[in-house]
Amino acid sequence: MISRTCTRTFHSLINRYLSHQPSSAISNLSSTPSCSFSTCSTITRTRNVSLNAIRSNCRTFSSEPPPLNKKGRQTPLPFMLLSFAVCAALTGASYAYSHFKKIEMEEERKKDEERKRKERTTKGKALIGGPFVLVNTEGETVTEKTFMGKWALIYFGFTFCPDICPEELEKIGEIIELLDKTPEAPKVQPIFISVDPKRDTPELIKSYLQDFHPDFIGLTGTKEQVKRATKAYRVYFSEGPDQAEGANEYIVDHSIVTFLVDPKGNFAANFGQRTSPEEAVSKIIDKMNDFYHGD
């Protein structure tokens with residue numbers, strides 16, 4: 001098909017050439033024998049050149065050469081495979097990094113949700129309670145962990161208190177008795193912590209508490225130990241001046257409050273001087289229900 005196309009193109013070029021020649025030149029070609037061989041040679045050469053050019057143009061449109069690199073050479077197959085492998089590796093690494101970041105963001109989101117949940121849980125709770133180290137009336141070391149797993153009522157006072165401390169300790173004894181009569185209520189441990197370590201020895205506290213409920217546990221310690229305990233429970237106390245010089249008789253000003261602590265050692269409620277035993281028991285039962293049956 002290419003040969004026929006080239007032949008037709010050659011004849012077309014010859015006809016176009018002849019159509020632009022004067023009639024005299026054409027006549028001379030036909031009438032002059034000496035020029036016939038030269039003219040035919042020229043035409044033959046022209047035909048060969050035209051056919052070669054046409055064949056070259058036809059090849060350009062009939063097929064495409066292999067791809068070349070920047071230096072004009074064909075790209076070798078191993079290099080193409082290496083390029084593909086590098087692209088695949090980069091794609092895999094990009095996917096792995098994206099997957100890792102997604103997991104990391106998910107973990108951060110869960111941590112943030114957990115932190116917010118804890119904030120909602122502790123929101124509104126007073127920061128009352130904490131670690132302490134004291135001694136009981138037997139001289140044994142006692143910490144906040146000693147009472148883990150128990151409900152406790154804690155009162156801070158001193159044995160030389162003329163009226164308020166005895167009244168509050170009597171009220172705590174009544175609360176304990178009312179709770180003992182309530183079948184669904186677990187046992188509650190009453191605790192007395194002295195804010196007068198200078199005078200309240202373990203022996204004196206033991207004797208003092210015999211006038212109140214028998215379940216009372218008395219605690220004291222050094223001045224620094226007592227300060228740490230009162231600081232943990234936000235209790236104020238201040239030793240007043242001696243009423244008589246050298247008599248060691250003074251009044252300790254302190255907060256009048258009773259604290260309810262749950263079995264985990266956390267603050268649950270507090271009762272002031274005006275709270276009746278019945279009101280305190282009702283509130284304690286509510287807190288116990290929330291602790292055992294709440295969310």
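Provided above is the structure to which this section pertains.
Described in the following lines is the structure provided in the data block. The shown structure was predicted, so the numbers you read here are calculated from the model rather than taken from an experiment.

**Some remarks on the overall build of the chain**
Part 1: Within the chain, the regular secondary structure consists of eight helices and nine strands.
Part 2: By the burial criterion, 29% of the 295 residues in the chain qualify as buried.
Part 3: Of all intrachain contacts in the chain linking residues separated by at least 6 positions in sequence, the fraction that spans at least 24 positions is 69%.

**Topic: the packing of helix H5 (residues 164-180) against helix H8 (residues 277-293)**
Part 1: With their axes 9 Å apart at the nearest point, H5 and H8 run at an angle of 50° to one another. Between H5 and H8, the angle falls in the class oblique. Pair H5 / H8 crosses with right-handed handedness. Of the residues in H8, those in contact with Lys171, Glu174, Ile175, Leu178 and Leu179 of H5 are Pro277, Glu278, Ala280, Val281, Ile284 and Ile285.

**So, the packing of aromatic side chains**
Part 1: Applying the stated criterion across every chain, the model contains nine aromatic pairs.
Part 2: On the basis of an interplanar angle of 75° and a centroid distance of 5.4 Å, the ring pair of Trp151 and Phe291 is categorised as edge-to-face. Note that Trp151 is positioned in strand E3 (residues 151-157) and Phe291 in helix H8, a separation of 140 residues in sequence.
Part 3: Its relative accessible area of 2% is what places Trp151 among the buried residues.
Part 4: By way of ring pairs, the aromatic residues Phe156, Tyr233, Phe259 and Phe267 are connected into one cluster.
Part 5: The ring of Phe160 has Arg199 sitting right over it, with the charged end atom 4.2 Å from the ring centre.

**Topic: the sheet that holds strand E8 (residues 258-261)**
Part 1: Spatially, seven strands are ordered E2-E1-E5-E4-E3-E8-E9 in an open sheet, and the strand pairing comes out mixed. Each edge of the open sheet carries a strand with a single partner, namely strand E2 (141-143) and strand E9 (267-271). Between one strand and the next, the sheet's axes are offset by a mean angle of 35°, whatever the strand orientation.
Part 2: Summarising the sheet, E8 and E9 pair through four bridges and their orientation is antiparallel. Along E9, the bridge assignment pairs Phe259 with Asn270.
Part 3: Most of the contacts of helix H7 (residues 223-232) go to strand E1 (residues 133-136), to which it runs at about 115°, and overall it touches E1, E3 and strand E4 (188-194).
Part 4: Strands E3, E4, E8 and E9 of the sheet are contacted by H8, whose axis makes an angle of about 170° with E9.

**Re the pairing of E1**
Part 1: Only one face of E1 is buried, namely the one carrying Leu134 and Asn136, since none of Val133 and Val135 on the opposite face is buried.
Part 2: Sheet topology places E1 next to E2; three bridges connect them, and they run antiparallel. By the bridge assignment, Leu134 is partnered in E2 with Val142.
Part 3: Hairpin connection, E1 to E2: the antiparallel pair is bridged by four residues, and Gly139 has positive phi, about 80°.

About the criteria used
Residues numbered from 1 in each chain as written. Predicted model: local features only at pLDDT ≥ 70, side-chain atom pairs only at ≥ 80, totals over all residues. Heavy atoms only, no water. Helix = DSSP H or I, 4+ residues; strand = E, 2+ residues; numbered from the N terminus. Buried < 20%, exposed > 50% of the residue type's maximum accessible area, 1.4 Å probe, protein only. Contact = heavy atoms within 4.5 Å. Axes fitted to C-alpha atoms, helices over the stretch in contact; angles between N-to-C directions. Parallel < 35°, antiparallel > 145°, perpendicular 65-115°, else oblique. Left-handed = near helix turned anticlockwise from the far one by under 90°. Phe/Tyr/Trp six-rings, centres within 6.5 Å; stacked < 30°, edge-to-face > 60°. Lys NZ or Arg CZ within 6 Å of the ring centre and 35° of its normal. Pairing = 2+ DSSP bridges.

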